[in-house]
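# What the coordinates show
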Amino acid sequence: MAHPSTYQPRSGAEKWLDERLPVARLMHDQFMTFPTPRNLNYWWTFGGILTFILVAQIVTGVVLAMHYIPAEDRAFDSIEHIMRDVNWGWLLRYSHAVGASMFFLAAYIHTFRGLYYGSYKAPREVLWILGVLILLLMIATAFMGYSLPWGQMSFWAVTVITNLFSSLDAIVPGLGTTLVQWIWGGFAVGGPTLNRLYSLHYLFPFIIAGVVVLHIWALHVPGNNNPAGIEVKSPKETVPFHPYYSIKDGFALLMFLLLFGVFLFFAPNLLGHADNYIPANPLQTPPHIVPEWYFLPFYAILRAVPDKLLGVIALVSSIVVLFFVPWLDTSKVRSTSYRPVYRWFFWAFVVTCIALGYLGSQAPEGWYLFFGRVFTIYYFAFFLVVMPVVGKFERPRRLPGSITEAVLGHAEQPRSRKREAVA
Amino acid sequence: MASHETPLDPVLDDDEMSRRDVILIAAGGFTAIGTAAALWPLLDQMNPDASALSLATTDVDLAPIEVGQAVTVVWRGKPIFIRHRTPEEIEQANATPLDDLIDPLARNVNLPDDAPATDENRAAPEREPWLIMIGICTHLGCIPQGQAPGQYKGEYGGWFCPCHGSQYDTAGRVRIGPAPENMYIPPYAFTSDTKIRIG
Amino acid sequence: MTRHVFLNLLGTFLLGFAAPDHAVGQDGHAPEIARQSWSFAPPFGTFDNAQLQRGYQVYRDVCGQCHSMRLLSYRNLGEPGGPEFSAKAVEALAAKSQITDGPDDKGQMFQRPGRPSDRFRSPYANEQAARSANKGALPPDLSVMAKARAGGPDYIYALLTGYRDAPPDMNLAPGMYYNEAFPGHQIAMPPLLQDGAVAYTDGTEKTLDNYARDVSAFLMWAAEPKLEERHKVGMRVMIFLLVFAVIMYLAKRTVWAPLHKHRDTQSS
């Protein structure tokens, strides 16, 4: 939200720097005094939480890279070396592994929040698209990171996921095979594959950080959406980011870290798979290969389609469709709180995603497969049918006239008036 | 937004103000402690790890080393100079007055820290021909020449560091700078008449 | 409800799939593993040093005849949070094993007594030697076994105590044994761990049950040697975060108080 700069250099040095590179002014205006709607609820704290986790993942990752060896025959042992011999190695490695799960947990909550409150609608389309891009990059980064321990799950996840590209053979014969061999650097997943995955796993987080900067920039042009989904009408309806939201975000972050800590210190392997403590064996696939929990819904969608190419297309579409959400939703109203019909479809969608997650963890047989297909259909129908159609026919509830009214339930503030009179 | 219309500090009485200050200072304090505590593992991880600390030892058989010969072995990644000194070399080392030395201390971890740099304190106990030391110049860590037969051994017949010209005598004591200290004696012991274990 | 029925029909129609009634297939699905109580399981949990020492004895005398533990060193046996053998005992335990070292000055490999910094001696020189000595089956490395199987130490205990006579309708392959806990129930590992197989010296009863329990605990430590440190650090961090969170909550309330005073009851 463009607002006049209020930065005042307090010393000669600050003034000198401000005339040459106004970085302090930028920080002051964007993160200290930035006008933020006063009615944001706790679902809005996940942006700050995500920023924290991204930084934590990069820091622990850089440190782990000082000890990790990306070689086929040494990767597994080098991680055990970190766990056993490196000072605090267990803490760093478990932080990074559990951190990946926490990253996705927070990112999914953040995405659902944006979806519920219509944060993707004009003028925030670019903000939303950048967010989906970050999610895509996170998925790629997490996949590559998971390959690095070079356990059985790592190895077979790489095999299966890279083989998705071979489905292109159905379009141009030989194209998929050529592409897959290019990705592998050989005729099977092996040392060269591990090495390049490691290199890219180191690179991608910095790309994510770059897109995050754009994401925040795109946020600060129109300013925050808010639970009422209506525009800020007067400065009275905002508060400066610091201290109001810095402290609120800080408190939420601590609550999140408590959850993080429970996994990290008391169940670090709960979210992982036992088979990944078996060194990679290219001659034997584990009886049940399952991705990490955060990929399970997508995995269920992949398996729901009984055709190789179509399955891959469904998988890719399930994420790509998110890019089009700003134009798929035809409703003028942002916040689902004021959309009596859409609301039901929204919660059905949340249930669908959770159900797909559960189904993704089960063997694709019998009823599991059946429901996998049902929920897959609803997943796409939500975006392609519900969003455009419901927006057209639904009669939204009356929107509050202003954020003040949304917060107080009435437009004016009798008590505050009284206080002013007294003052 | 300093000119923000939201009243940041409306009428608060003194008690409320001081309570507010205490809480905010406590929050700031916890943030600082938490950050510092989280920083420590990130720094400590770079210290030598448990496998490096698990003192690997090196066994050396001295029997094949003739008088006047020198060998270099590796202990914890460092070169260890082992020299079977000639009587002349020993005599030369003994004849040097301690006052002539740049570093008057023995630098022998098997002896007290303040032991003087006599040849007796530098050489192997009761086996004076043997000099066993860490072959690293105390200036900036280069490896001095003088182990191989054809190499220049410096003016004092010991070792010569090619990097910055430090020279050591036949007891491994620095005689010409810039090195400030004598070469160090590692922990070692004789396991038999002709065998030593370093570390 | 009607929508679901509709979607069901749609699914069947679109994907040409009719849901079969039969349950999920049995083969290869791991049997239920009974949970045991372990001293290290609760959030404050620690290892029982004496139990780990006995567990090491079981490993060395029985399991270690076929199974390697290539990620462990003898020095680990003396480290805090483990069996915590004394430094002298560790040296003695290490010295009991002949370690292949070399090459020496003549280019020959040679045998020498182990030192604390040596890795545990492996029973076989390589995978092929291990297979040929075990009728083609490879005894897996046990270093991280307690983390590499669902159920962890519970599974190891169940496996070691799970040998039974095969049910009459089952055709055991030659050289295989029937084991309740093993997926598929046919295991190549013979039931070597029997009552009295290991000579405990601390008065603990020499029963299969004790051996299985002790060696499972030992393998858990081997797989997760920093567990005690993790629990200890974790408790401190959690308490710190809790207090911090309370203070932060109060700070949040204090900072927001002037805003909240402006209205009657709602909170943001």
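Rules used throughout
- Residues numbered from 1 in each chain as written.
- Chains lettered and ligands numbered in written order.
- Predicted model: local features only at pLDDT ≥ 70, side-chain atom pairs only at ≥ 80, totals over all residues.
- Heavy atoms only, no water.
- Helix = DSSP H or I, 4+ residues; strand = E, 2+ residues; numbered from the N terminus.
- Rg over C-alpha atoms; globule rule 2.2 N^0.38 Å.
- Contact = heavy atoms within 4.5 Å.
- Areas by Shrake-Rupley, 256 points an atom, 1.4 Å probe, with all protein chains shown as cover.
- Lys, Arg positive; Asp, Glu negative; His and termini not counted.
- Charge placed at Lys NZ, Arg CZ, Asp CG, Glu CD.
- Pairing = 2+ DSSP bridges.
- Axes fitted to C-alpha atoms, helices over the stretch in contact; angles between N-to-C directions.
- Buried < 20%, exposed > 50% of the residue type's maximum accessible area, 1.4 Å probe, protein only.
- Disulfide = S-S within 2.5 Å.
- Polar contact = N/O pair within 3.5 Å; in protein donor to acceptor, adjacent residues only side chain to side chain.

When helices and strands are counted, chain A shows 17 helices and two strands. Radius of gyration (C-alpha) of chain A: 24 Å, near the 22 Å computed for a compact globule of 423 residues. Sequence separation of 24 or more characterises 79% of the internal contacts of chain A that already satisfy a separation of 6 or more. About 18,800 Å² of surface is accessible on chain A, with carbon and sulfur atoms providing 71% of the total. Averaged over its 30 positive side-chain charges, chain A has a centre that lies 12 Å from the centre of its 23 negative ones.

A few words now on the sheet that holds strand S2 (residues 70-75) of chain B. Each strand in a sheet pairs with another by means of backbone hydrogen bonds, the pair being arranged parallel or else antiparallel. Residues and elements named next belong to chain B. If you trace the three strands from one edge of the open sheet to the other, you get S2-S3-S4, paired in antiparallel fashion. Only two strands of the sheet have a single partner each, and these edge strands are S2 and strand S4 (130-134). Taken over all neighbouring pairs, the strand axes of this sheet differ in orientation by 20° on average, direction set aside.

Residue and element names in this part refer to chain B. Among the five residues in S4, five count as buried, and that is most of the element. The alternating pattern of S4 places Trp 130, Ile 132 and Ile 134 and Leu 131 and Met 133 on opposite faces, both of which are buried. Taken together, the five bridges between strand S3 (residues 78-84) and S4 define a ladder with antiparallel strand orientation. What sits directly across from Phe 81, in S4, is Met 133.

With that out of the way, let us pick up the state of the cysteines. All names here are of chain B. In the structure shown here, the tally under the stated rule is one disulfide over all chains. Here Cys 161 stays free of any disulfide, with the sulfur of Cys 137 as its closest cysteine sulfur at 3.8 Å. Using a relative accessible area of 2% as the deciding quantity, one classes Cys 161 as buried.

A separate point is the side chain of Asp18(A). Residues and elements named next belong to chain A. With respect to the helices, strands and loops of the structure, Asp 18 is situated in helix H1 (residues 12-20). Given the relative accessible area of 13%, Asp 18 is considered buried. Within the local environment of Asp 18, its side chain forms a polar contact with the side chain of Arg 25, the two groups lying 2.7 Å apart. Leaving out residues up to four positions away in the same chain, Asp 18 has contacts with Tyr 7, Pro 9 and Arg 25.

Geometric values such as these leave the question of function open.
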